[in-house]
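# Analysis of the macromolecular model
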Amino acid sequence: MGMMTLLLLWLSMMAVFLPNVADGFGSNVTPSRTQQTQLRMVSNIDSSVSLPRDVKDAVSRCKTATQEALKSQISRMDIEFPVGTKFGVEKYPKNKSSSDGGPTQAVLNQSDRELARLFVDMFQPVGGENIVVAFTDQTLADAAKKKWKGDPTASSRILAMNRKKGSAKTKKVKAKGFAAKLAAEIDDSPDTGPFALPDGTQVAIFVSPGPKELPVIEKICNQVGMETCVILLNARLSKISNFGTETAATLFNEEFKSVFALTAAPQDVAPNCLLYHAYPTSWTLARKPKVGQPKPILTQNTRPTDEECEAAFNSLELTDLEKGVENALENVAGWTAQADSDSGHRPTDEECEAAFNRLELTDLEKGVENALENVAGMDP
């Protein structure tokens, strides 16, 4: 019986525990009837497609997609969640944002570790001694060991791909190409030797590997063969333009299959849009409006390119209702900011009313009133 058959058997026979996770993808507010008016699209859209409602739903869909991939004998998997996703497995520090408003590096590391923890739990039926979780460096690996210590559902072998201690003295070497430089960095570890999977590894989970780690993963894939399941978590392969060699590009672009992806679309060509894919379904490009859940604007079998994202985004037409609602939200934000700056404090209800009465409601009146007329015209 092959390794992938055993994996499928174990996963189908045993219930997979997933811890409660915090909500995080989109609003929990149910839109009103008028807010549910759909976008009219010129693009190819599958109206039956729905995106995850929150993190818990996304994790559940990811688990299902992984099981479907195992049924299809896929042993090279790529998983991608939004940067800094809060899975709710661990408590988060109070200082969640960096000086520029984005998540801190500690939060990013915790998010990746939580995702790895969910996958370790998912594959527990194969036995913790047969699961390897590989972090990019020893510090990250040690943090996982500390967090998971004593938890039987986190049983696994936690390793570091880069095990060098301190800073080694550099020696002058002859100029090398991109692939040769990476190979030299990987193999030049006389104290510890090159990274390798322990004998008997059935599932290898690589956590947020970057371009430097990919040649190591390529070598391991060649060594272990297709009977070992290799999973990349948040490798973000679509952002890597140079894999060093043609064989590496083939491995990561073709042999590794996107099993689950929920990530931002290229914002320069499709602002406020995201990409969603759960094996074996199609890829979906969706736009996140200012009110309500993301709405699909393109569905197709392959991951949309930047050009396809741009074409789909440019082809969408907002309904009068959505234009009115979004203009209204912008106006309200502008009114509040102006009132705050004028008074030096948060405006009272009376001050808001006075400011409102002084305004000429051009965009708001046109947008919302046209929308209400359209909605009224649709009623029988």
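Located above this text is the structure these notes cover.
Notes on the structure follow. (Residues numbered from 1 in each chain as written. Predicted model: local features only at pLDDT ≥ 70, side-chain atom pairs only at ≥ 80, totals over all residues. Heavy atoms only, no water.)

## A few points about the overall build of the chain
Which entries qualify depends on this criterion: Helix numbers and strand numbers start at the N terminus; a helix is a DSSP run of H or I with at least 4 residues, a strand a run of E with at least 2. Relative accessibility under 20% of the residue-type maximum defines a buried residue, over 50% an exposed one, and the middle range a partly exposed one, all with a 1.4 Å probe and only protein chains included. Residues are treated as being in contact if the distance between any of their heavy atoms lies within 4.5 Å. Calculation of accessible area relied on Shrake-Rupley with a 1.4 Å probe; when residues are assessed, cover is drawn exclusively from the protein chains displayed.
Secondary structure assignment for the chain yields eleven helices and nine strands. Buried positions account for 42% of the 380 residues belonging to the chain. For the chain, long-range pairs separated by at least 24 residues make up 71% of all intrachain contacts whose partners lie at least 6 apart in sequence. About 20700 Å² of surface is accessible on the chain, with carbon and sulfur atoms providing 52% of the total.

## Side note on the nonpolar core
Keep this limit in mind: We define a nonpolar core as any set of buried Ala, Val, Leu, Ile, Met, Phe, Trp, Tyr and Cys residues linked to one another through side-chain atoms lying within 4.5 Å.
Judged by nonpolar contacts, the single largest core of 43 residues is most densely connected at Ile79, Phe119, Trp148, Ile231 and Phe260. Not counting residues up to four positions away in its chain, the partners in contact with isoleucine 79 are Cys62, Thr66, Phe119, Ile231, Leu232, Leu233, Asn234, Ala235, Val259 and Phe260. The next biggest cluster of nonpolar side chains, apart from the first, holds 22 residues, and it includes Ala134, Leu197, Phe206 and Phe243.

## Observations regarding the packing of helix H2 (residues 55-71) against helix H3 (residues 105-122)
This is how it is decided: In this description, a line fitted to the C-alpha atoms serves as the axis of each element, helices being fitted only across the stretch in contact, and the angle between N-to-C directions of two axes falls anywhere from 0 to 180 degrees. Each angle receives one of four descriptions, namely roughly parallel if under 35 degrees, roughly antiparallel if over 145, roughly perpendicular if within 65 to 115, and oblique otherwise. By definition, any crossing whose near helix is turned counterclockwise from its far helix by less than a right angle is left-handed, and any crossing with a clockwise turn is right-handed. Residue polarity is assigned by list, with Asp, Glu, Lys and Arg as charged and Ala, Val, Leu, Ile, Met, Phe, Trp, Tyr, Cys and Pro as nonpolar; anything else, Gly included, falls into the polar class.
For the pair H2 and H3, the least separation of the axes is 12 Å and the interaxial angle reads 45°. The angle between H2 and H3 places the two elements in the oblique class. Handedness of the H2/H3 crossing: right-handed. Facing H2, whose interface residues are Val59, Cys62, Lys63 and Thr66, H3 presents Leu118, Phe119 and Met122. Residue classes in the contact of H2 with H3 are distributed as five nonpolar, one polar and one charged.

## Quick look at the pairing of strand E4 (residues 203-207)
We apply this condition: By this definition, two strands are paired if DSSP reports at least two bridges between them.
Extensive coverage of E4 is indicated by the burial of five of its five residues. Summarising the sheet, strand E2 (residues 131-137) and E4 pair through four bridges and their orientation is parallel. Counterpart to alanine 134 in the pairing with E4 is phenylalanine 206. Sheet topology note: the E4/strand E5 (residues 229-233) ladder contains five bridges and is parallel. Looking at the pairing, alanine 204 lines up with valine 230 of E5.

## Regarding the side chain of threonine 263
As a reminder, the rule being used: Any N or O atom pair separated by 3.5 Å or less is treated as a polar contact, with the protein-specific requirement of one donor-capable and one acceptor-capable atom, and with residues adjacent in sequence counted only for side-chain atom pairs.
Here threonine 263 shows up in strand E6 (residues 257-264). Judged by relative accessible area, threonine 263 falls into the buried class, the value being 10%. Among the polar contacts made by the side chain of threonine 263, one reaches the side chain of glutamate 80 at a distance of 3.4 Å. The residues touching threonine 263, leaving out its near neighbours within four places in the chain, are Glu80, Arg236, Leu274, Leu275 and Arg303.

Everything listed here is a matter of coordinates, which is why it stays silent on function.
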